[in-house]
Structure formats: structure tokens, C-alpha cells
Amino acid sequence: MTTQTAPASPDLPLDMIIFGGGGDLSARKLLPALYMAHVHGNLPADTRILAIGRRPWSRDEYLSFMEEHSKPFVGDKVIDAAAWDRFLALFEYVQVDVGSGDDYARLAQVSRPGVRRVFYLATSPNLFTTICDHLASAGLVDEHSRVVLEKPLGSDLASAQAINTSVGTHFNEAQIYRIDHYLGKETVQNLMVLRFGNAIFGPLWQAPYIKSVQITVAETVGVGSRAGFYDETGALRDMVQNHLLQLLCIVAMEPPVSLDPDAVRDEKLKVLRSLRRMTPEDIAHDTVRGQYTAGAVGGEPVKGYLQEDNVPADSRAETFVALRVHINNWRWANVPFFLRTGKRMQKKVSEIVIEFADLPFSIIPSGPRNYGNRLVIQLQPAESIQLQMLAKEPGSGMHMLPVNLNLDLEQAFTERRAEAYERLLIDVVRGRLTHFMRRDELEAAWAWADPILEGWKQSSDRPRGYTAGTFGPSAATTLVARENIVWAEES
Ligand code: BG6
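Residues numbered from 1 in each chain as written. Predicted model: local features only at pLDDT ≥ 70, side-chain atom pairs only at ≥ 80, totals over all residues. Heavy atoms only, no water.

(A) Region of interest: the overall build of the chain. Per the secondary structure count, the chain includes 15 helices and 17 strands. Computed over its C-alpha atoms, the radius of gyration of the chain comes to 24 Å, within 12% of the 23 Å expected for a compact globule of 491 residues. Within the chain, the proportion of its 491 residues that are buried is 53%. When contacts within the chain are restricted to residue pairs at least 6 apart in sequence, those whose partners lie at least 24 apart make up 77%. For the chain, the accessible surface area stands at approximately 21,300 Å², while carbon and sulfur atoms represent 53% of it. Looking at charge distribution, the chain has the averaged site of its 51 positive side-chain charges lying 3 Å from that of its 60 negative ones. (Helix = DSSP H or I, 4+ residues; strand = E, 2+ residues; numbered from the N terminus. Rg over C-alpha atoms; globule rule 2.2 N^0.38 Å. Buried < 20%, exposed > 50% of the residue type's maximum accessible area, 1.4 Å probe, protein only. Contact = heavy atoms within 4.5 Å. Areas by Shrake-Rupley, 256 points an atom, 1.4 Å probe, with all protein chains shown as cover. Lys, Arg positive; Asp, Glu negative; His and termini not counted. Charge placed at Lys NZ, Arg CZ, Asp CG, Glu CD.)

(B) Layout of the UniProt feature "active site" (unreviewed entry) in the chain. When the UniProt feature table is mapped onto this chain, "active site" (unreviewed entry) is found at His243. Along the chain, histidine 243 falls in helix α9 (residues 227-252). If we ignore the near neighbours within four places in the chain, the residues touching histidine 243 are Lys151, Asp180, His181, Tyr182 and Asp238. (UniProt positions renumbered as here; feature names shortened; annotations may be inferred.)

(C) Examining the site of the ligand more closely. What surrounds the ligand is the set Lys151, His181, Tyr182, Lys185, Glu219, Arg226, Asp238, Met239, His243, Lys343, Lys348 and Gln380. Side-chain polar atom of histidine 243 to an oxygen atom of the ligand: 2.7 Å apart, as the coordinates give it. Lysine 348 is positioned such that a nitrogen or oxygen atom in its side chain is 3.2 Å from an oxygen atom of the ligand. Considered on its own, the ligand offers 400 Å² of accessible surface; in the complex 82% of this is hidden by protein. Looking at the shell around the ligand residue by residue, the classes come out as two nonpolar, three polar and seven charged. (Near = heavy atom within 4 Å. Polar contact = N/O pair within 3.5 Å; in protein donor to acceptor, adjacent residues only side chain to side chain. Nonpolar A, V, L, I, M, F, W, Y, C, P; charged D, E, K, R; others polar.)

(D) Spatial organisation of the packing of aromatic side chains. Under the defined criterion, the tally for this structure stands at 20 aromatic pairs. An aromatic cluster is present here, built from Tyr35, Trp57, Tyr62, Phe65, Trp84, Phe87, Phe91 and Tyr93 joined pairwise through their rings. Between the NZ or CZ atom of arginine 340 and the centre of the ring of tryptophan 487, over which it lies, the distance is 3.9 Å. (Phe/Tyr/Trp six-rings, centres within 6.5 Å; stacked < 30°, edge-to-face > 60°. Lys NZ or Arg CZ within 6 Å of the ring centre and 35° of its normal.)

(E) Representation of the sheet that holds strand β3 (residues 91-95) within the structure. In space, the six strands of this open sheet follow the order β3-β2-β1-β4-β5-β6, with parallel pairing throughout. In the strand order of this sheet, the two ends are held by β3 and β6 (176-178), each with one partner. On average, each strand axis in the sheet is tilted by 20° relative to the strand beside it, whichever way the strands run. Set on the sheet, helix α1 (residues 24-39) makes contact with β1 (14-19), β2 (47-53), β3 and β4 (116-121); between it and β1 the angle comes to about 165°. (Pairing = 2+ DSSP bridges. Axes fitted to C-alpha atoms, helices over the stretch in contact; angles between N-to-C directions.)

(F) Just empty space enclosed by the protein, in detail. All told, the structure shown has three cavities of 30 Å³ or more when counted by the stated rule. Taken as a whole, the largest cavity encloses approximately 80 Å³ of empty space. Lining the largest cavity, in full, are Leu183, Val188, Gln189, Met192, Ile250, Val264, Lys268, Thr434 and His435. Of all elements in the fold, only α8 (186-196) and α10 (261-274) reach the threshold of two or more residues within the lining of the largest cavity. Top contributing element to the lining of the largest cavity by residue count: α8, with three residues. Of the residues in the lining of the largest cavity, the class split is five nonpolar, three polar and one charged. (1 Å grid on protein atoms, 1.4 Å probe; cavity = no way out; pocket = protein on both sides within 12 Å on 5 of 7 lines; lining within 4 Å. Points joined across faces, edges and corners; volume = space filled by probe spheres on them.)

(G) Representation of the pattern of salt bridges. Applying the stated criterion across every chain yields a total of 29 salt bridges. Ionic pairing is found between glutamate 483 and arginine 324, a salt bridge with its closest N-O pair at 2.3 Å. Of this pair, glutamate 483 sits in the segment after α15 (474-481) while arginine 324 sits in strand β11 (residues 320-325), and the two are 159 residues apart along the sequence. You can call glutamate 483 partly exposed: its relative accessible area is 24%. Accessibility expressed as a relative area gives 15% for arginine 324, which makes it buried. Across the salt bridge formed by arginine 417 and glutamate 383, the nearest N and O atoms sit 2.1 Å from each other. You can see arginine 417 sitting in the loop between α12 (409-412) and α13 (420-430) and its partner glutamate 383 sitting in the loop between β14 (372-380) and β15 (384-392), a full 34 residues away along the chain. We classify arginine 417 as partly exposed; its relative accessible area is 28%. (Salt bridge = Lys/Arg side-chain N within 4 Å of Asp/Glu carboxyl O.)

(H) Examining the UniProt feature "domain: Glucose-6-phosphate dehydrogenase C-terminal" (unreviewed entry) in the chain more closely. The residues that UniProt annotates with the feature "domain: Glucose-6-phosphate dehydrogenase C-terminal" (unreviewed entry) are residues 192-487. Regarding residues 192-487, the helix share stands at 32% and the strand share at 25%, and the terminal C-alpha atoms are separated by 24 Å.

(I) Summary view of helix α5 (residues 101-110). Those residues of α5 that fall on the buried side of the exposure criterion are Asp103, Tyr104 and Leu107. One side of α5 holds all its buried residues, which, seen down the axis, span an arc of 100°. Set apart from the buried face of α5 by more than 90 degrees, the exposed residues are Asp102 and Gln109. Close packing links the buried residues of α5 with β1, β2, β3 and α6 (128-137). (Arc of directions from axis to C-beta.)

(J) Structural view of the pairing of strand β7 (residues 210-218). Extensive coverage of β7 is indicated by the burial of eight of its nine residues. In this structure, β7 lies alongside strand β13 (residues 349-358), joined through eight bridges in antiparallel fashion. Bridging from a neighbouring strand, glutamine 214 pairs with valine 353 of β13. One ladder, built from six bridges, connects β7 with strand β12 (residues 337-342); its direction is parallel. When the bridges of β12 are listed, threonine 216 appears paired with arginine 340.

(K) Just the environment of threonine 434, in detail. Its place among the elements puts threonine 434 in the loop between α13 and α14 (439-458). Threonine 434 gets classed as buried once you look at its relative accessible area, which sits at 14%. Spatially, the C-alpha atoms of threonine 434 and serine 124 are 24 Å apart, while their sequence positions differ by 310 residues. Every residue in contact with threonine 434, bar those within four places of it in the chain, is listed here: Leu259, Asp260, Pro261, Val264 and Arg265. At a separation of 3.0 Å, a polar atom in the side chain of threonine 434 contacts the main-chain carbonyl oxygen of leucine 259.

Laid out in C-alpha cells, this is it:
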């Protein structure tokens, strides 16, 4: 798929129009990110932000909402009272019932003519089609417009295709920014540099020199106030189909010919298309679903998932997933990729562990057998890269012990690190598509995820319980143990 080029429109004023302006994502992520972009001079001089919501708020009421729900997420250390006031001056609030054509006509009167409009749809994906149809009918979409679609885009391949098709009747591919905020993380972008800016790993980055790859995104938070969304969604749709697969793509892709959007996305697409589709037997054997039960996280007692507000008593939503995944291509034949994510886990950590092949033969009698060096790339909370290797223990014998070569990237670079949403919003404004998903990429990810979702739906099994504050059900340990592998925290 080739993305046509959108007009650069560098000098046009910006109307940033946020649907879901009174929602949780806007409050916690988008508005703080826009504030930071504003403070650092990364929004065009003549910018306005139109927050769209259902509630019959006045502008002042919306600003009070921001004061109470958004400002705390900017953080005391960086907030500057005068800059915050200048930021608030950019805002208008427009009440819109997304199904009412008249409301879009009013919006068209508020949005300025001749500007670049960025529509950020921070709403349920069920509304994307309706919103885009109405925007187009109200004459709000032109060649300078861009639309940002939040994940999860659809709930399966068919719904994703339907959304892509209908949005695509009003916006061409170069105007569509499908956001996956993991692609905006500094650390995730740094993965590309680790792989393609350093020659040393290149020859080893393939079977048989790599024995396995682990990708873990563990969270300590529970479902919080998002049960309505989460219970319909579950961890596979919320985290794996997008964030974890995107990480897998960056680890597994071939070097792109350049950093141009299509060059990078073509390579990621090839990985997604090479993922081995799971059969019902694979689903039984290679997937583990879990749901947290009451326990303690960080010393504090927490409820089980089924006791959370607004969760149905018989919910089968998975809050944990572990998978053994295969990539059917020359580079990765027979190298298992273990993907794992969960809520209410023991600690918050996102990391990628590349485990290299075992020693072919050890001439040194004392020391670990079957040792494989590991490259541990921690994405959050700390940003670090460790190479685990064996070294001689000081003393008269030849004893080997594991040690780490450690690179702490936060010490190496002390500059401010923009949050993912800030970086991605700036990319949208500047028309840079590299860190957004293309239509075919997204659909390939759903095509792989669909059979798993279907297999789970058909199964009479419930997700396995795991105590909050652990690393998930014991079946996840068994999943890797079958290949003589242990999860990073157990090694
Ligand atoms: C979001 C999911 O996409 O990512 C949330 O919807 C999850 O459920 C969040 O908590 C995790 O993001 P981060 O940046 O905190 O790792």
C-alpha cells in the first residue's frame, strides 16, 4: 500500500478539534500533552483548541474541568501559572451530540475557515463513522484536514475494515493518523536506533543465534473507572493487538530502506503477515488468559476484577494474557516470541528480553550450564539496556558468574523527554506519519488476533484466576518452561 502525500500546509493556522474533550483520555493525556507542546513552542502560533463534548457546559465550566482533572497530570514541577492561562485562552467548548447534524453545523460556525483542522476522535470506535460522515456533510473536511483515530480501532477485523472504509471515503490515507501511543514513546523509537544504528547486533539478530524473545508489559493498576470499556475489550484487544504487536514488529522487522512512513510500515506489515495463525489446538496450548482476584499490590489490599465497580459478576474478560507466538519467515523460523501483559501485576514494567542461544559447549567446568546471554531492553519505568553475560569470579579457580553490562539511558541523556502523546500530537500537526499505523497494518494485526478471540469465545473455560500483585497465573510459567525458558523476573 502506498500513502499519497498530503499537502504540507505548514503556515496554516490550526484548529485542533477534540471529540471526547470531557473524557478521561483528554483529561489525563491529551490536554497535558497539548499544554507541553504549547509551552515548548511546538504548536503553530495561531492555534485554537475546540473541545467537543456531550455535556451542556459553558466555556468556563470546561475550563474548570481542565483545572480540576487535567492540570494535576501536567505536574507541579512544570506548570507555570501564566503559561497555563495562555494555554486556556486557546480553548472553546462546543456541545455536540455526535448523531445530530445541526450540532455539526454549529461546529462549522465556530471553526475558522481556511485553517488546518485536526480532528482527534478520543471516543468509542463505534462513533468514528458517524462523526466523520457528519464532519464531511457539514463541509468541515478539506485537503488540509487530518483525523486522529484512537485505539482500539474496532473490535475485530470486520469492524476495523468497516471503520477504515467509511473514514476513507472522507479522508485519504495520508490524512489518517491511527494512534498507538507506544509508538510515541522515546524508548520504543530508540529500539529502532538500537537495531539499525548499531552494527554489532545485526549478524546475531536472527535464528539460530536467538533462542527466544519475551515482550512483557506489566501494569500494577487495575481496571479503575474504565470497567464499561474494559469488560467489552479485555487485554488482547486493549494491549496485545496493538501495543505488544507493534513492539514485536520493531524487534522482528527487516531493516527498512529509510525512515519514510511507507518504508517503515511496509516492513512492519511483512512481520504481521508472517505471524503464524493459531489453530484451535495452538490456542489451547499456546495461550493463557487470566483474571485477577483479590490480593495486594505495593503492600495495599486490592479487589479482584469481579468485585470492581460495574463489572458483571460472571465476566469472562481477560485482564492477563500470555502467548507463544511464531513468525513464519527465514529470520525467525522456530524462535518463540512470548508476549505477556496484565493488570494488577507485581510491578509496572515494560521490557523486551532477547535470549541468545545456549553455549554450544562449555570448556569451563564450573558455572551455569545451558547459559544464553540476554539483552534486556527496559522501556519503562526506567529506560535501560542490559547485556547479561558470564564473567570469571575473582579467585584462584575458574568459576563463572552472571554479570550485567548496564546502560542507564536516563543518566546518559538528561534532556527532557516528551510524553508519547505530546510527541505524536506534534507529528500529526507536522504531517509525519511514520509512527502511526497504516490501514493494512492494522487489519493484518486484527486478522491474526481474530481466531484467538473466537477460540476463547467458543471455549467453556473461564480465564484462570491470579492473585493481584503476582506475575499472573502459573500456567504462564509453564508456557515458557516447556522450552526451558524462564520469565525475566524469575531468572
Ligand atoms: C492503553 C490501555 O492503551 O495503554 C490501558 O488502554 C493501559 O489499559 C495503557 O493502561 C498503558 O499505557 P502505558 O503508557 O501506561 O504503558
